[in-house]
Amino acid sequence: APPRASNGSREGAAGTWLRTQLAPGEVITAQSGAFERDPQESSTTDEELSRAGSPVSRGGSGSTSTTPDYGEKRLPQALIIGVKKGGTRALLEAIRAHPDVRAVGTEPHFFDRNYEKGLEWYRNVMPKTLDGQITMEKTPSYFVTNEAPRRIHSMAKDTKLIVVVRNPVTRAISDYTQTLSKKPEIPTFEVLAFKNRTLGLIDASWSAIRIGIYALHLENWLQYFPLSQILFVSGERLITDPAGEMAKVQDFLGLKRIVTEKHFYFNKTKGFPCLKKPEDSSAPRCLGKSKGRTHPKIDPDVIHRLRKFYKPFNVMFYQMTGQDFQWEQEESDK
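On a predicted model such as this, the values are computed, not experimentally measured, just so you know.

Peer 1: Requested: an account of the side chain of Arg-171, with residues and values cited.
Peer 2: With respect to the helices and strands, Arg-171 occurs in helix α6 (residues 168–182). Excluding residues that lie within four positions of it along the chain, Arg-171 makes contacts with Val-83, Lys-84, Lys-85, Arg-166, Ser-207, Ala-208, Ile-211, Gly-212 and Tyr-214.

Peer 1: Account for the sheet that holds strand β6 (residues 134–138), naming residues and giving values.
Peer 2: Ordered in space as β4-β6-β3-β7-β10, the five strands form an open sheet in which the pairing is parallel. Unpaired on one side and paired on the other, β4 (101–103) and β10 (230–234) mark the two borders of the sheet. The mean inter-strand angle of the sheet, taken between neighbouring strand axes irrespective of direction, is 25°. Bridge count for β4 against β6 is three bridges, and the pairing is parallel. Within the sheet, the bridge partner assigned to Val-101 lies in β6 and is Ile-134. Each of β7 (160–165) and β10 touches helix α11 (residues 242–252); the most contacted strand, β10, lies at about 170° to it.

Peer 1: Account for the pattern of salt bridges, with residues named and values stated.
Peer 2: Side chains that carry opposite charge are capable of pairing whenever their charged atoms lie near each other. Tallied over the full model, the rule gives 14 salt bridges. Between Arg-171 and Asp-175 there is a salt bridge; the shortest N-O distance is 3.0 Å. Placement of both Arg-171 and Asp-175 in helix α6 is noted, with a separation of four residues, approximately one turn of the helix. Taking the shortest distance from any N to any O, the salt bridge between Lys-195 and Asp-203 comes out at 3.9 Å. Residue Lys-195 is classed as partly exposed on the basis of its relative accessible area of 49%.

Thresholds, definitions, all that
- Residues numbered from 1 in each chain as written.
- Predicted model: local features only at pLDDT ≥ 70, side-chain atom pairs only at ≥ 80, totals over all residues.
- Heavy atoms only, no water.
- Helix = DSSP H or I, 4+ residues; strand = E, 2+ residues; numbered from the N terminus.
- Contact = heavy atoms within 4.5 Å.
- Pairing = 2+ DSSP bridges.
- Axes fitted to C-alpha atoms, helices over the stretch in contact; angles between N-to-C directions.
- Salt bridge = Lys/Arg side-chain N within 4 Å of Asp/Glu carboxyl O.
- Buried < 20%, exposed > 50% of the residue type's maximum accessible area, 1.4 Å probe, protein only.

See below:
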């Protein structure tokens, strides 16, 4: 098994493992600066934050049509910190159905892009809440941002953190598919995944691959937060058993289990569960057209090489979290 992380090490065991342990016949390239944040990992803009009620351009109170006129704005007590293309939007929409949760719909990107604007700016982005309600936000790029754990800890060391993880090979392809939809001219997945495909040089500096090295990023968070404050949600089970995963989320947040199987309806066309209010006879609300895109067909040899690349990191991640997400089992079933 890969070595455990050392809290005294900046790089930690996963970083060392990446640089020294190679799968048979493969070489992995990763320069010292390869794991810095990719500024293009999410697309929330100041304009979008402004529409969400942020004082970025309006300078107002930050209220929107969905924000009640009572209560007060508070800094969040819980954050969905990752991962991109893991299922964070589905989780956010589901937890917002709970009456004791108020959450920002747009990603504020405070702890990675807007930190210099200060905590009052951040507080003003939040919806108003009553006593007993939880304030939340989600920005998936936090999980891979080196400074985020320290900054969040300095805001409130008891902040609860939620990470939605997904088979990293599938996640990487989904990430590429999203980028391809915006930039059709980019090279193929196979070209981007390798420094040199003939030699098997996997490009671990490409963000689509790097994000899925979950153990590497988790080491950074464990220097500031105990595992008891971090909940890992399975992106796969969020699709196959959304009520089961939401039960864990509500327990973790100390909430009554109100979001149950009655809130979900499986849409066979999209292949995702849709959200509905149990007492509401209207059509279920599904995620937008940007979710559930058809993935391009990837060369099976590339998939095989990526599975071999991720396997030691997956094993380390299972050990670090005490949870087996069975991604290898899932792949052997195909």
